[in-house]
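Chains, contacts and geometry: an overview
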Number of protein chains: 4
Amino acid sequence: MGTIGLAVIGAGYWGPNLVRNAQATPGLRLEYLCDLDLARARRVLGDYSTVRVSDSLDEVLADPAVQAVAIATPAKTHLPVAMAALEAGKHVLVEKPLAATYAEGRQLVEAADSRGLTLMLDHTYCYTPAVAHLRELVRGGGIGSVQYLDSVRINLGLVQPDVDVLWDLAPHDLSIFLSILPDDVRVLSVAAHGSDPIGAGHACVAHLTIQLTGGAMAHVHVNWLSPTKIRTMVIGGSTRTVVWDDLNPTQRLSVYDRGVERTEAADLGEDRRAQTIVSYRTGDMVAPALPEKEALRAVMTEFHASITERRAPLTDGRSGLQVLSILEAASASLAQGGVFMPILGADLDLLDADSEGVSA
Amino acid sequence: MGTIGLAVIGAGYWGPNLVRNAQATPGLRLEYLCDLDLARARRVLGDYSTVRVSDSLDEVLADPAVQAVAIATPAKTHLPVAMAALEAGKHVLVEKPLAATYAEGRQLVEAADSRGLTLMLDHTYCYTPAVAHLRELVRGGGIGSVQYLDSVRINLGLVQPDVDVLWDLAPHDLSIFLSILPDDVRVLSVAAHGSDPIGAGHACVAHLTIQLTGGAMAHVHVNWLSPTKIRTMVIGGSTRTVVWDDLNPTQRLSVYDRGVERTEAADLGEDRRAQTIVSYRTGDMVAPALPEKEALRAVMTEFHASITERRAPLTDGRSGLQVLSILEAASASLAQGGVFMPILGADLDLLDADSEGVSA
Amino acid sequence: MGTIGLAVIGAGYWGPNLVRNAQATPGLRLEYLCDLDLARARRVLGDYSTVRVSDSLDEVLADPAVQAVAIATPAKTHLPVAMAALEAGKHVLVEKPLAATYAEGRQLVEAADSRGLTLMLDHTYCYTPAVAHLRELVRGGGIGSVQYLDSVRINLGLVQPDVDVLWDLAPHDLSIFLSILPDDVRVLSVAAHGSDPIGAGHACVAHLTIQLTGGAMAHVHVNWLSPTKIRTMVIGGSTRTVVWDDLNPTQRLSVYDRGVERTEAADLGEDRRAQTIVSYRTGDMVAPALPEKEALRAVMTEFHASITERRAPLTDGRSGLQVLSILEAASASLAQGGVFMPILGADLDLLDADSEGVSA
Amino acid sequence: MGTIGLAVIGAGYWGPNLVRNAQATPGLRLEYLCDLDLARARRVLGDYSTVRVSDSLDEVLADPAVQAVAIATPAKTHLPVAMAALEAGKHVLVEKPLAATYAEGRQLVEAADSRGLTLMLDHTYCYTPAVAHLRELVRGGGIGSVQYLDSVRINLGLVQPDVDVLWDLAPHDLSIFLSILPDDVRVLSVAAHGSDPIGAGHACVAHLTIQLTGGAMAHVHVNWLSPTKIRTMVIGGSTRTVVWDDLNPTQRLSVYDRGVERTEAADLGEDRRAQTIVSYRTGDMVAPALPEKEALRAVMTEFHASITERRAPLTDGRSGLQVLSILEAASASLAQGGVFMPILGADLDLLDADSEGVSA
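Residues numbered from 1 in each chain as written. Chains lettered and ligands numbered in written order. Predicted model: local features only at pLDDT ≥ 70, side-chain atom pairs only at ≥ 80, totals over all residues. Heavy atoms only, no water.

Quick look at the side chain of Thr 228 of chain D
The test is simple: A run of H or I in DSSP becomes a helix once it reaches four residues, and a run of E becomes a strand once it reaches two; helices and strands are each numbered from the N terminus. In this analysis, two residues are considered to be in contact whenever any of their non-hydrogen atoms come within 4.5 Å of each other.
Its place among the elements puts Thr 228 of chain D in strand 11 (residues 225–237). Excluding residues that lie within four positions of it along the chain, Thr 228 of chain D makes contacts with Val 243 and Tyr 256 of chain C together with Ile 154 and Asn 155 of chain D.

Overview of the relation of the copies chain A and chain B
Quick note on the threshold: Alignment of copies: least-squares fit on C-alpha atoms of residues with pLDDT of at least 70 in both copies.
Aligned on chain B, chain A shows an RMSD of 0.0 Å; the corresponding rotation is 180° and the shift along the axis is 0.0 Å. Taken together, the rotation and translation describe the operation of a two-fold axis. In terms of C-alpha distance to the rotation axis, chain A has Val 339 of chain A as its closest residue, with the C-alpha 2.8 Å off the axis.

Some remarks on the interface of chain C and chain A
As a reminder, the rule being used: By convention, the term buried area covers the 1.4 Å-probe accessible surface removed from two parts as they join, with the contributions of both added. Salt bridges are identified by distance alone: a Lys or Arg side-chain nitrogen within 4 Å of an Asp or Glu carboxyl oxygen. Counted as a polar contact is a pair of N or O atoms within 3.5 Å, where, for protein atoms, one must be capable of donating a hydrogen and the other of accepting one, and residues adjacent in sequence contribute only when both atoms are in side chains. Throughout this entry, Asp, Glu, Lys and Arg are counted as charged residues, while Ala, Val, Leu, Ile, Met, Phe, Trp, Tyr, Cys and Pro are counted as nonpolar. The remaining residues, Gly among them, count as polar.
At the interface, nine residues of chain C touch nine residues of chain A. Broken down residue by residue, the surface that chain C buries against chain A is led by Gln 23, Tyr 48 and Thr 50 of chain C, which jointly contribute 67%. Connecting chain C to chain A are zero salt bridges. There are four residue pairs in polar contact (both at pLDDT 80 or more) connecting chain C and chain A. Here the side of chain C that touches chain A is built from residues that sort into four nonpolar, three polar and two charged.

Brief notes about the confidence of the model for chain A
Residues and elements named next belong to chain A. Quick reminder of the rule: Confidence scores per residue from the predictor, reported as pLDDT, run from 0 to 100.
When the pLDDT values of chain A are averaged, the result is 91; 91% of them are 70 or greater. Scored below 50 in pLDDT, residues 266–276 makes twelve contacts in the model with residues more than four places away or belonging to other chains. Note on residues 346–360: pLDDT under 50 across the span, and 15 contacts to partners over four residues away in sequence or across chains. ipTM for the predicted complex: 0.89, alongside a pTM of 0.92.

Quick look at the UniProt feature "domain: Gfo/Idh/MocA-like oxidoreductase N-terminal" (unreviewed entry) in chain A
The following threshold applies: UniProt positions are given in the numbering used here, feature names are shortened, and annotations may be inferred rather than shown by experiment.
The positions that UniProt labels "domain: Gfo/Idh/MocA-like oxidoreductase N-terminal" (unreviewed entry) are, in the present scheme, residues 5–123 of chain A. Taken end to end, residues 5–123 of chain A has its terminal C-alpha atoms 22 Å apart, with 39% of it in helix and 24% in strand.

Some points on helix 5 (residues 102–115) of chain C
Residue and element names in this part refer to chain C. In plain terms, the rule: Helix span is expected to be 1.5 Å times the residue number reduced by one. The cut-offs for exposure are 20% and 50% of the maximum accessible area for each residue type, with area from a 1.4 Å probe on protein chains only; residues under the lower value are buried, those over the upper are exposed, and the others partly exposed.
Between the first and last C-alpha of helix 5 there are 20 Å, a value that for 14 residues agrees with the 20 Å anticipated at 1.5 Å per step. Every buried residue of helix 5 is accounted for by Tyr 102, Glu 104, Gly 105, Arg 106, Leu 108, Val 109, Ala 111, Ala 112 and Asp 113. Gly 116, located one to two residues past helix 5, shows a positive phi value of around 70°.

Let's talk about the interface of chain A and chain B
Contact with chain A, which involves 52 residues of that partner, is made by 52 residues of chain B. Buried area between chain A and chain B, summed over both chains or domains, comes out near 4400 Å², and the portion from carbon and sulfur atoms is 66%. Connecting chain A to chain B are zero salt bridges. Applying the counting criterion to the chain A and chain B interface returns 13 residue pairs in polar contact (both at pLDDT 80 or more). At five residues, the largest contribution of residues to the side of chain A that touches chain B is made by strand 13 (residues 253–262) of chain A.

Looking at helix 2 (residues 38–45) of chain C
The distance from a side-chain oxygen at the start of helix 2 of chain C to the backbone nitrogen of Ala 39 of chain C is 3.2 Å, and the residue carrying that oxygen is Asp 37 of chain C. Once helix 2 of chain C ends, the next one or two residues include Gly 46 of chain C, with phi positive near 85°.

Some details on the domain arrangement of chain A
Residue and element names in this part refer to chain A. The criterion, for reference: Just so you know, the domain bounds were taken from an automatic or database domain assignment.
Taken as a whole, chain A is organised into domain 1 (4–123 + 295–316 + 325–359) and domain 2 (126–286). Taking the mean C-alpha position of each, domain 1 and domain 2 sit 27 Å from one another. In this complex, domain 1 contributes 29 residues to the contact, which on the side of domain 2 involves 28 residues. Summing both sides of the interface, domain 1 and domain 2 together bury roughly 2400 Å²; the carbon and sulfur share of this comes to 70%.

A word on the packing of aromatic side chains
Convention followed: Here the aromatic set is Phe, Tyr and Trp, taking the six-membered ring for Trp, and pairing holds for ring centres within 6.5 Å; pairs whose planes are under 30 degrees apart are stacked, those over 60 apart are edge-to-face, and all others are tilted. Two limits define a charge over a ring: the Lys NZ or Arg CZ must be within 6 Å of the ring centre, and within 35 degrees of the ring normal.
Using the criterion set out here, one finds eight aromatic pairs over all chains in the structure. Seen from their ring centres, Tyr 125 of chain B and Trp 244 of chain B are 6.3 Å apart, and the 75° between their planes marks the pair as edge-to-face. Of the two residues, Tyr 125 of chain B is situated in the loop between strand 6 (119–122) and helix 6 (129–139) and Trp 244 of chain B in strand 12 (residues 241–245); the sequence distance between them amounts to 119 residues. Like Tyr 125 of chain B, the residue Trp 244 of chain B is buried in the burial classification. Consider the rings of Tyr 13 of chain D and Trp 14 of chain D, whose centres lie 6.2 Å apart with planes at 40°: the pair is tilted. For Trp 14 of chain D, a relative accessible area of 23% translates into the label partly exposed. It is Arg 153 of chain B that lies over the ring of Tyr 125 of chain B; its NZ or CZ is 4.6 Å from the centre.

Points about the sheet that holds strand 4 (residues 68–71) of chain D
What holds strands together in a sheet is hydrogen bonding between their backbones, with the strands either parallel or antiparallel. Residue and element names in this part refer to chain D. Let me state the cut-off plainly: Strands pair, by our definition, only if DSSP identifies at least two bridges between them. To get an axis, a line is fitted to the C-alpha atoms, and for a helix only the part in contact is used. The angle between two axes follows their N-to-C directions and goes from 0 to 180 degrees.
Reading across from one edge, 3-2-1-4-5-6 is the order of the six strands in this open sheet, with parallel pairing throughout. Each edge of the open sheet is held by one strand with a lone partner, namely strand 3 (52–54) and strand 6 (119–122). Direction aside, the axes of adjacent strands within the sheet are offset by 25° on average. Relative to strand 2 (residues 28–34), strand 1 (residues 4–9) runs parallel, the two being bridged by six bridges. From the neighbouring strand, Ile 4 faces strand 2, where its bridge partner is Leu 28.

Brief notes about the pairing of strand 8 (residues 187–195) of chain D
Residues and elements named next belong to chain D. In terms of burial, strand 8 is a largely internal element, seven of the nine residues being buried. Across eight bridges, strand 8 lies against strand 9 (residues 205–212) in antiparallel orientation. Paired with Ser 189 across the strands is Gln 211, a residue of strand 9. Relative to strand 15 (residues 341–342), strand 8 runs antiparallel, the two being bridged by two bridges. In the strand pairing of strand 15, Val 190 is matched with Met 341.

Next comes the structure, spelled out in structure tokens:
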């Protein structure tokens with residue numbers, strides 16, 4: 001198949017990155033940058049660009065040169081913008097989160113499925129070389145069974161006016177979890193604690209605890225108020241444990257042949273009991289060589305490939321829905337003092353069946 | 001006052017450290033190392049020591065040369081051992097936690113109070129130069145009002161046979177919190193989540209969320225299964241934020257003049273709302289020079305000083321009881337799925353009144 | 001004054017960065033990207049650009065819309081390319097080093113001076129916020145008198161076919177030294193050691209030792225073969241010492257109130273002599289907040305400003321000549337087994353006088 | 001063989017470490033701590049020790065319970081003290097450097113050889129698990145042929161009154177080099193540069209460049225004036241490169257499968273020449289698990305073993321002499337403006353033959 005004409009919708013924080021990467025992706029042809037603020041769109045393109053600007057979504061969607069759109073507008077507008085695009089027969093790449101609510105997200109997934117159009121989430125981190133390596137390692141059994149996950153994503157961040165820190169930052173962690181966990185590990189329930197010490201009107205510091213099938217626990221710490229920036233994820237396994245430090249470009253992944261295992265306890269005296277029921281392994285650490293690639297380039301490439309190959313992208317609408325279902329349960333837990341809230345797995349299965357039908 | 005004769009009880013993991021530091025502390029005279037396993041006690045002392053060993057607590061407590069004991073036996077033996085010492089009129093320094101339960105700990109506090117004896121907790125971290133600096137900074141208003149606390153204490157640790165990771169490690173974090181928080185910030189309630197992915201019989205990974213008066217939240221992450229060792233604490237304040245990295249000896253404390261403050265929102269358009277309701281401060285960072293002192297030496301010095309000056313030590317029985325009350329609430333929360341459990345503040349106030357009477 | 005038309009010459013390694021930053025700089029108008037390989041030039045501009053490409057330097061220089069050129073071609077071509085531009089009346093920004101030899105560089109300086117044209121070196125590091133801060137600190141007396149400088153610039157680098165590691169990397173360190181040192185500190189002589197363990201035909205690892213007026217020594221370690229990347233510079237002063245770690249974006253500069261000072265030695269016994277003739281200062285460390293700005297943007301802004309304001313740029317031809325004089329002396333030292341070679345200061349003074357005449 | 005009676009001579013900076021480790025080493029029996037300052041010796045032993053103190057070397061050497069001495073006195077006293085011990089028939093462990101001059105050191109080696117006594121250098125670093133691993137790796141061919149060595153040892157150090165920074169710190173680096181280099185790599189010549197910016201009377205900052213057989217170069221940077229502490233060594237090889245960071249206890253060694261190799265250059269155009277004559281390898285990094293052992297314990301164990309097994313220790317007098325020969329050449333280079341000075345290899349070979357005769 002030939003080149004795909006693309007329009008980027010939204011020239012705010014993330015739009016310029018989409019513009020830059022779309023222009024550099026073979027097979028994509030950037031036709032428009034669309035924003036209600038035409039001057040902002042022009043500033044993003046600069047003084048030397050042949051790309052058209054528009055402040056009319058209708059105009060863009062009516063142009064047959066446009067076969068796909070990449071949406072980087074605020075989350076609450078995702079439903080109308082993406083729905084309009086789907087209804088106009090355009091493939092859609094949308095910023096995280098998929099929509100402002102699970103119900104809205106489901107409308108989009110169904111609309112895309114029923115039309116046989118690609119609906120892809122820009123879960124950018126899932127396209128980094130680090131997550132690609134993690135995915136292969138963890139799903140391929142390279143760390144044994146998953147014992148725990150721990151993600152910390154804190155820095156002096158932009159306090160959002162309309163969403164709390166969980167909705168702003170945790171989609172990254174959740175989409176990564178979903179991307180790397182084996183299929184037989186499922187999210188069962190989630191509890192959330194948060195605080196708003198500056199009076200922003202919603203949580204600026206939050207902790208998410210997730211119960212997984214098999215007894216493992218995942219934890220996410222997100223924080224807009226930290227003076228230092230930390231982006232680490234630990235995935236503990238029965239045979240190896242991986243530490244991902246995204247801010248250490250020369251050693252992002254460290255795979256430790258270290259761990260604790262329960263062994264059979266012999267009949268020993270009091271003092272040595274601790275030493276005998278578990279065994280410790282302290283082997284070497286390997287930091288795999290990773291290519292340096294811009295993740296958003298890979299997002300664009302996957303978007304193009306999923307359209308031309310008529311297949312579901314790696315981060316399809318269903319993965320976006322799963323993230324929304326966890327976020328909604330987390331919000332409910334936050335409102336109810338931190339109790340665990342179940343995740344709607346059955347619902348997703350149903351949807352899964354639908355989507356299988358569609359992709360056939 | 002003259003020299004205080006000391007016996008160390010317990011020659012296991014921590015006892016050798018007590019022995020070494022007691023010998024180096026002016027004003028203390030180490031008389032005995034007492035352990036049921038005489039050979040172990042002899043090994044700890046080595047082949048060149050004039051210190052006596054004993055396997056009889058009674059013998060040691062009956063010796064009038066002994067005025068004080070330092071107890072480093074398992075927590076469940078703290079009540080009988082410390083009670084015997086107090087009943088024999090000895091001052092007591094005891095490893096954390098004070099006792100196996102709050103009720104037991106309270107017996108010890110009351111026994112010490114009623115006899116006018118020193119009961120001191122070896123909350124070693126509270127005697128590090130870093131915590132001393134933090135205490136002065138935070139209680140002195142140097143970071144403004146406290147917005148959040150976050151402590152991470154993870155490494156490949158010894159999986160304990162009889163206590164979970166919360167009881168093993170969190171006493172460090174909790175005693176530090178209590179030591180540095182201003183008097184008007186109190187612990188209201190606590191929730192705990194934990195998991196036991198290796199089948200140890202109790203939590204090996206745990207998260208503690210603490211609600212404080214004033215809307216601030218404290219969080220503790222303890223983990224025995226991590227291949228990497230992290231010991232960091234962040235104390236976020238309205239005017240400054242401190243990061244304590246205990247594993248970075250050349251820069252343990254970093255005081256950031258960075259933060260987020262809510263300001264009055266002007267009547268601005270949609271897009272710029274986020275930028276207008278909060279303001280960001282990104283000033284310099286100062287790493288204060290700290291002396292390099294062994295904390296346990298300072299513990300011994302404070303134990304000696306509190307005895308000779310007939311005053312409460314910095315980490316007295318009451319602080320040990322506070323830690324126990326939080327741990328018990330955390331265990332209750334863990335058993336009940338992570339709901340917040342209140343901390344018995346009133347009870348402590350009552351005790352506080354008692355102890356004030358005693359120390360007068 | 002109005003907009004300045006610019007042509008970038010050379011679409012290789014560095015050219016794309018010049019193109020990108022020129023396009024984003026107010027007051028500059030990018031007219032051409034010129035390269036013998038037209039296809040390469042087109043690839044750099046991408047499919048959406050209105051900028052013209054050309055494979056003819058003559059064509060570009062003949063266009064009156066071009067008032068200035070930025071040259072990113074190999075060093076050995078700097079003389080003919082830059083000279084052609086100057087003779088055509090164009091202002092010149094040239095990549096480091098100024099030219100392949102001191103003699104060639106001097107021709108360019110003289111040609112620019114005689115025509116009243118700007119000749120500026122793209123010593124990019126001199127325009128980073130870190131070096132700007134260092135310059136103000138060191139020249140402003142903020143670290144006392146300079147005691148030593150030490151720069152390490154090592155990584156797995158591209159082994160150049162025609163220049164050794166000194167000529168490839170050390171211009172960065174030397175231009176930074178020259179930029180931050182006070183006027184009364186001058187480079188006296190230089191010695192160089194190098195090795196070529198892979199048989200590349202010239203040094204791949206090298207050490208440069210520079211004697212400065214006042215007894216201070218500067219050292220540069222450059223290495224193409226290191227598996228790890230290090231970019232640090234230490235500037236030791238009598239009252240403070242600064243460490244610049246360019247790979248630590250959250251703490252690039254650390255200003256230590258630490259040092260050693262000689263004090264008067266009292267008449268003390270043998271053992272305490274070491275402690276008495278020097279005194280140690282171990283105060284706080286301050287990491288100043290630095291703006292995050294792209295240095296090459298500041299290069300472009302300075303190029304534009306120096307043209308429009310008819311003044312010498314911060315990194316003018318003379319600073320480029322000083323770097324060349326040190327590099328040539330270093331090469332001579334390398335060829336003669338590491339002996340110290342004098343730097344031609346008198347020559348520079350003469351030139352200085354010339355250039356003062358010109359800039360008047 | 002039975003227990004060896006030991007006396008430690010010198011209760012200053014390093015003596016206490018010898019005392020502590022000697023007491024903990026099976027097979028050694030600490031009989032005396034000897035120092036001219038009896039009170040200092042008593043302070044080192046503390047109030048609970050059965051070890052005797054003495055201020056008379058004669059007394060100690062006359063005691064038949066003493067079969068060996070460990071000498072931690074200033075370097076200029078090594079000749080008389082060690083010679084007296086050897087003449088009294090005692091085995092000798094001596095702090096680095098072996099003696100104040102090569103000539104003095106040679107007297108000691110000959111005296112020990114002629115009497116069949118052990119003369120061992122306390123080159124402590126050579127007994128760390130890191131160097132043991134490096135030795136096996138490098139000598140075993142695990143990094144291919146050695147391309148370069150680079151050692152940095154800087155911190156705010158005690159400015160010594162009687163020796164410069166080279167003689168104070170570089171013995172560590174040199175003894176490590178000698179310990180890990182394959183037998184066919186020899187030290188050919190050395191050049192040194194130094195500066196004394198505080199007026200201490202000798203170099204406080206120094207750089208050592210060493211030419212090795214095979215074209216490799218080793219470099220040592222030592223500095224007493226640095227506010228930060230760095231202790232790193234890089235050993236570049238043709239197939240792997242190792243980085244040793246002694247201040248990173250969790251990852252002291254990093255073995256990189258990264259490097260540069262010259263390949264045959266094809267007949268390609270100008271532009272691609274750099275890419276074609278060398279090839280780059282960017283594979284994984286492995287951080288081997290190392291035991292945590294105190295090196296000085298291993299020194300004591302080796303001292304005991306070499307005596308009882310009547311064999312040369314790992315760091316024998318000859319290795320101490322090699323270090324002295326490099327230091328003397330470095331001082332000569334420093335005095336002559338940094339020219340390369342040859343190392344007396346033939347002399348060492350002669351000595352080598354002698355010592356082989358002795359150890360037979």
